[in-house]
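Listed below, chain by chain, are the residues.
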Amino acid sequence: MTTKTNLPAVEHPQEASSRDGKKPVVGKSMYMSSGSGIPEIKTILSGFVIPHFLDFKVLVAKAVGSTFAVATGMCLGKEGPFVHISTSVGYLVAKQFPKYEENGRKMREMLSVACSSGLSVAFRAPIGRVLFSYEEISTYFPRKVLWRAFLCSLFAAVVLKALNPTGTGKLVLFETNYGVNYEPIHYLVFIFLGVAGGLFGGVFCQANFLWSKTFRKYSIISNHPVLELVLVVFVTALLQYPNPLTREPGDITIKQLLVSCEKPGGSWICIQEALEDKSRYYGWLFYGTTVKLILTIATFGCKVPSGIIIPALDAGALFGRLVGQLVPGISPGIFAMVGAAAFLAGISRMTVSLAVIMFELTGEVDYIPPFMIAILVAKWVADGLSSEGVYDLAQTVLGHPFLDGDHALKIVRNEGSSVEELIPPTQTMREITVDVGSECKVSKSLLATKLAQLKARGLMDAGLVLVDSNNYLHGYLAEGELDFAIHEPGILKDGELVDLLFGPLSAFVDRTPMTISAKAPMEYAVEMFARLGLRHLIITDETNGKVLGVIIKKRLVLYLEGLKH
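Residues numbered from 1 in each chain as written. Predicted model: local features only at pLDDT ≥ 70, side-chain atom pairs only at ≥ 80, totals over all residues. Heavy atoms only, no water.

1. Considering the pattern of salt bridges
Here the idea is simple: oppositely charged side chains can pair when their charged atoms come close.
Here comes step 1: Within the structure shown, the criterion is met by 12 salt bridges.
Here comes step 2: Here Arg216 makes a salt bridge to Glu228, at a shortest N to O gap of 2.6 Å. Placement of the pair is Arg216 in the loop between helix 9 (186-214) and helix 10 (219-222) and Glu228 in helix 11 (residues 225-240), with a sequence separation of 12 residues. Of the two residues, Arg216 and Glu228, both sit in the buried class.
Here comes step 3: The partner of Asp383 in a salt bridge is Arg349, with the nearest N and O atoms 2.9 Å apart. Linking Asp383 in helix 18 (residues 368-385) with Arg349 in the loop between helix 16 (332-348) and helix 17 (352-362), this pair joins segments that are 34 residues apart in sequence.
Here comes step 4: Overall, the relative accessible area of 28% leaves Asp383 in the partly exposed class.
Here comes step 5: Residue Arg349 is classed as buried on the basis of its relative accessible area of 8%.
Here comes step 6: One salt-bridge network, in which partners are shared between bridges, spans Lys42, Glu136 and Asp392. (Salt bridge = Lys/Arg side-chain N within 4 Å of Asp/Glu carboxyl O. Helix = DSSP H or I, 4+ residues; strand = E, 2+ residues; numbered from the N terminus. Buried < 20%, exposed > 50% of the residue type's maximum accessible area, 1.4 Å probe, protein only.)

2. What about the side chain of Arg321?
Here comes step 1: Tracing the sequence through the fold places Arg321 in helix 15 (residues 309-324).
Here comes step 2: Look at Arg321 and you get buried, because its relative accessible area is 0%.
Here comes step 3: At a separation of 2.6 Å, a polar atom in the side chain of Arg321 contacts the main-chain carbonyl oxygen of Leu257.
Here comes step 4: For Arg321, the residues in contact, after removing those within four places along its chain, are Leu257, Leu258, Val259, Cys261, Ile269, Glu273, Tyr281, Leu285, Pro332, Gly333, Phe335 and Ala336. (Polar contact = N/O pair within 3.5 Å; in protein donor to acceptor, adjacent residues only side chain to side chain. Contact = heavy atoms within 4.5 Å.)

3. Topic: the nonpolar core
Here comes step 1: The biggest cluster of nonpolar side chains holds 84 residues, and the ones touching the most others in it are Phe123 and Phe204.
Here comes step 2: The element that contributes the greatest number of residues to this core is helix 16, accounting for 12 residues.
Here comes step 3: In this structure Phe204 touches Leu293, Thr296, Ile297, Phe300, Ile308, Ile347 and Val390, once residues within four positions along its chain are discounted.
Here comes step 4: The next biggest cluster of nonpolar side chains, apart from the first, holds 28 residues, and it includes Val436, Val442, Leu447 and Val467. (Core = buried A, V, L, I, M, F, W, Y, C linked by side-chain atoms within 4.5 Å.)

4. Digging into the sheet that holds strand 3 (residues 433-435)
Here comes step 1: Spatial ordering of the open sheet is given by 3-5-6-8, a layout of four strands whose pairing is mixed. Each edge of the sheet is formed by a strand with only one pairing partner; in this case those strands are strand 3 and strand 8 (509-510).
Here comes step 2: Pairing analysis gives three bridges linking strand 3 to strand 5 (residues 463-467), with the strands arranged parallel. Paired with Thr433 across the bridge in strand 5 is Val465. (Pairing = 2+ DSSP bridges.)

5. Quick notes on unusual backbone geometry
Here comes step 1: In this structure, Arg349 takes a positive phi of about 65° despite not being glycine.
Here comes step 2: Phi is positive for Cys440, close to 55°, though the residue is something other than glycine.
Here comes step 3: Tracing the sequence through the fold places Cys440 in the loop between strand 3 and strand 4 (441-443).

What follows is the structure, given as structure tokens:
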């Protein structure tokens, strides 16, 4: 509740042309420290701005909230929040160096590096989490970022091993040693687990999306998020406590389900599997899988720090252990392990990084092929039910703009549209265009007026297009730099003309912004934004090169959302 804020909204172009430009556009409320943080981090790394999301206040609230949330026993994990926490730490440290604070691209590279260390600590999987940052979160991941992320994860793992929080002295979180090998016939079981994981992931993603769009839209829930949390905690205790398999926290549950009963032991699971009548035990396994699915659907998205990885692993391990009871001559823990990977793949759609993570989690090199089989099958089945994974759907529910290049290209190719459809209305162009004259000098008051108009429209990622009297392009001035220059004492003086070529603002002016012809296919614009990481693109006339408009990334995302529906 302490990190609640209202985000600026981006208007539809038709609304923009009819509004008077005085009343600010207010967006939806956002609880900065709730959820996993991964959808927001993906949005930031793609080039968008979420104000204050990485601030120290949010960092403290996330860390404290995660501690208590995990302790409640709810169907959530700490892995997602650890990504947010580590990224916030990386941001706060990088801000102290002008090299990163003044360069958005370098700052995003640092955030990608910091992101990988968070899950390295949470899951004791340093290599897998570097791949996770590359595969799932970052949209821009050059080679230098790869080795920096590797180095950061290395130091995180070294420090974690030295602190030894689990008391085992090992990095492997769920160490297993089954001592038996699988046969070729067992590949069929691994495929079946992959199918089940894909069905689980597809159903979960669609059900959680519908739950967020229906139940959480009721005013009593949306206006009182603590009430929803109380209800979820009560139902969780009511449904999970009767089952001996789900009473413990999520990571302990997984560790118990991966146990091998080849050797006599005092584990409750091994005692149950030694009985002649296992019907009650089978019922607990099936009941646990079903309850985990239902509770995770209701829990993910609550206004509390929460991750999705541990609940998915729990459900997969429960189902895999159940399937393992039907396969003779091999430890059921093997199928619990593979089932956990399959269910997480169905929800998140991770592939390479997940296979490496499961190997690092369990220390079982011999079971990498079963992991790969189950993960690939789960992804294919889940993609058939729902084309988007849980983090992509979470971005849609939360209203965060995100440009998926491959998906966007499929949409625009079917439309056959051109870039001129994204030319802003005349009123908007008047507000975001500045006539700099022949000497490229303007008054500070004019810049301040233009900045106020940008803020009134909620255009945080926009800027001013600099043109001459003939409407030829002279540069682009981003809103963030303009805001800093106007409000920072000593940079611009009142009553004096601001020289945009050689004055104090010249360092902030992009003299060669990317341009595109108004008649160019829409695919060109999508490719340029996705592959070059652009925030803005100037539209010019194909005959004389005069400026016709400007596309900002949020406008393109809004246009693509309209095509979807």
